[in-house]
Amino acid sequence: LCTSARRLEMMENEKIFHITYLYPIRLITRKNEEIEIPLEQINDCSYNHGILCRVVGEIKNSFKNQELTYLICGDGALALSDAGSMSSNDLILHYNDLLCKLLLGGLLVESISQKDITTGSLRDDNMIWPVNFGHSYNSHVHAVLRMKLTNSFEAIHLLNAVSSAISVEEFIKCLEKGTQIIKAVDRLSTYYLIAGITEMRYGNWSSALSNLWIIAEQITDYLWVNRFLDDPSRDPEIPARRQTLINDNRTYSASVKQEILYQIGILTEDAYSNLYTVRKARNKLVHEGQLISEEIARRLYSAVEALLKIAIANETPDVLPEMEKLIITLR
């Protein structure tokens, strides 16, 4: 009875967190810490699972003027407690915004969906334990590794996790670099950007195009306003002209904006050529359900890459090397 009462008291004191995990799996270490997990311990499931469950740091990320605090666990879990009454859609947007910034900052991660989010408890202020299994393979693997309910086939993931380990400090630097990029291009939908890039990695060309075309149009609008309309040398000071050029999306469609941006030298020839070619395929996808080829998807990815570089070149030129690393990884 005493044991049951103690257990009930512990459960009542546990704070529930939303949790998702980085993928590919990697360990997050404390400063100047090196972790080894011998193959023998993996094979007989005798490894120290505490290094997976422990909280190694915390970060803050802002999305749409709402700042949330995430606890970072040793196995790459991102635990969120202050979600309040956020809807599942809001939760997805916040998580993917954080992951997209990490990706643009140089850390290889993928987008998540609702099936990747689960729950767990904060134990003794230093460990997220236990956790539910979730509905994705990634959340399942993390859960069984944490609770040592795995076999050697699944436990072998720990070898890759150790070899790709990064420190909390490196993690934070990636987030800071990615945040610089996103701040430079306002109203960029990080959800669609990381979703499109993730689909590219798996060869889901039609899904990649659907997501990345949204980004292409958003950056086109950004360049239209910030590099064309806000350029004093191109402003004849005609009353209401600027608002007309912003709000009249029927006359000034994305294709018209891209044509003008190309004609005045803001878009490169390659970027414009790729966008022009992709637009035809995109229309067939939308209106006829015709699937997209790898070539078309890669053309769009190259165009988005070029657009993003053009948009951030003046504001954050120091992050361009990280963009190059990302591009090399995907190609």
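Each remark here, short or long, concerns the structure printed above.
About the criteria used
Residues numbered from 1 in each chain as written. Predicted model: local features only at pLDDT ≥ 70, side-chain atom pairs only at ≥ 80, totals over all residues. Heavy atoms only, no water. Core = buried A, V, L, I, M, F, W, Y, C linked by side-chain atoms within 4.5 Å. Buried < 20%, exposed > 50% of the residue type's maximum accessible area, 1.4 Å probe, protein only. Helix = DSSP H or I, 4+ residues; strand = E, 2+ residues; numbered from the N terminus. Contact = heavy atoms within 4.5 Å. Salt bridge = Lys/Arg side-chain N within 4 Å of Asp/Glu carboxyl O. Axes fitted to C-alpha atoms, helices over the stretch in contact; angles between N-to-C directions. Parallel < 35°, antiparallel > 145°, perpendicular 65-115°, else oblique. Left-handed = near helix turned anticlockwise from the far one by under 90°. Phe/Tyr/Trp six-rings, centres within 6.5 Å; stacked < 30°, edge-to-face > 60°. Pairing = 2+ DSSP bridges. Patch = residues over 30% accessible without salt bridge, like charges linked within 9 Å, V, L, I, M, F, W, Y side chains within 5 Å. Areas by Shrake-Rupley, 256 points an atom, 1.4 Å probe, with all protein chains shown as cover. Nonpolar A, V, L, I, M, F, W, Y, C, P; charged D, E, K, R; others polar.

Caption draft 1: Spatial organisation of the nonpolar core. Counting 73 residues, the largest nonpolar core has Leu78, Leu102, Phe171, Leu193, Leu223 and Leu300 as its most contacted members. Sort the elements by how many residues they give to this core and helix α10 (residues 205–229) lands first, with 14 residues. Not counting residues up to four positions away in its chain, the partners in contact with Leu78 are His18, Ile19, Thr20, Leu22, Tyr70, Leu71, Ile72, Tyr95, Leu98, Leu99 and Phe171. Judged by nonpolar contacts, the second largest core, of 14 residues, contains Ile35, Cys45, Ile51 and Leu145.

Caption draft 2: Representation of the pattern of salt bridges within the structure. A full pass over the atoms with the stated rule returns eight salt bridges. Ionic pairing is found between Asp221 and Lys257, a salt bridge with its closest N-O pair at 2.8 Å. Taken together, the residues span a long stretch of sequence, with Asp221 in helix α10 and Lys257 in helix α12 (residues 254–263) at a distance of 36 residues.

Caption draft 3: The arrangement of the packing of α10 against helix α13 (residues 269–288) in detail. Two elements in contact, α10 and α13, have axes whose closest approach is 11 Å; the angle formed by their N-to-C orientations is 120 degrees. Looking at the two axes, α10 sits oblique to α13. Taken as a pair, α10 and α13 cross one another with a handedness that is left-handed. Facing Ser206, Leu209, Ser210, Trp213 and Ala216 of α10, the residues of α13 in contact are Leu275, Val278, Arg279, Arg282 and Leu285.

Caption draft 4: Looking closely at the packing of aromatic side chains. With the rule as written, the count across this model stands at five aromatic pairs. For the ring pair Tyr191 and Tyr192, a centre distance of 5.0 Å and an interplane angle of 80 degrees mean the geometry is edge-to-face. You can call Tyr191 partly exposed: its relative accessible area is 29%. Ring centres 4.8 Å apart and planes at 45 degrees place the aromatic pair Trp224 and Phe228 in the tilted group. Of this pair, Trp224 and Phe228 both sit in helix α10, four residues apart, which is roughly one turn of the helix. Comparing Trp224 with Phe228, the two get one shared label, buried.

Caption draft 5: Region of interest: the pairing of strand β3 (residues 55–63). Both β3 and strand β4 (residues 66–73) contribute to a ladder of eight bridges, which runs antiparallel. Residue pairing in the sheet places Gly57 in a bridge with Ile72 of β4. Hairpin remark: β3 followed by β4, antiparallel, with two residues in the connecting loop; positive phi at Lys64, about 50 degrees.

Caption draft 6: Spatial organisation of the pairing of strand β7 (residues 127–131). Pairing of strand β6 (residues 118–123) with β7 involves three bridges; the strand directions are antiparallel. Counterpart to Leu122 in the pairing with β7 is Ile128. Counting the residues in the hairpin turn of β6 and β7 gives three residues, including Asp124, whose phi is positive at 55 degrees.

Caption draft 7: Broad picture of the sheet that holds strand β5 (residues 77–80). An order of β3-β4-β5-β1-β6-β7 is seen for the six strands of this open sheet, with the pairing classed as antiparallel. The open sheet terminates on both sides in strands that have one partner only, identified here as β3 and β7. With strand direction ignored, the average angle separating the axes of adjacent strands in the sheet is 40 degrees. Against the sheet, helix α8 (residues 168–184) engages β3, β4 and β5, with an angle of about 5 degrees to β3.

Caption draft 8: The arrangement of a nonpolar patch on the surface in detail. Together, Leu39, Ile156 and Leu159 give the surface a local cluster of nonpolar side chains, amounting to about 220 Å² of exposed area. Relative to the assigned elements, Ile156 resides in the loop between α6 (152–155) and α7 (157–163). The partly exposed category is assigned to Ile156, whose relative accessible area is 34%.

Caption draft 9: Spotlight on the packing of helix α9 (residues 190–201) against α10. Across the interface, α9 lies against α10 with an axial gap of 8 Å and an inter-helix angle of 150 degrees. Considering the angle they form, α9 stands roughly antiparallel to α10. As for how α9 packs across α10, the hand of that crossing is left-handed. The segment α9 lies against α10, with Tyr192, Leu193, Ala195, Gly196, Ile197, Glu199 and Met200 engaging Trp205, Ser207, Ala208, Asn211, Leu212, Ile214 and Ile215. Partitioned by chemical class, the residues of the contact of α9 with α10 number ten nonpolar, three polar and one charged.

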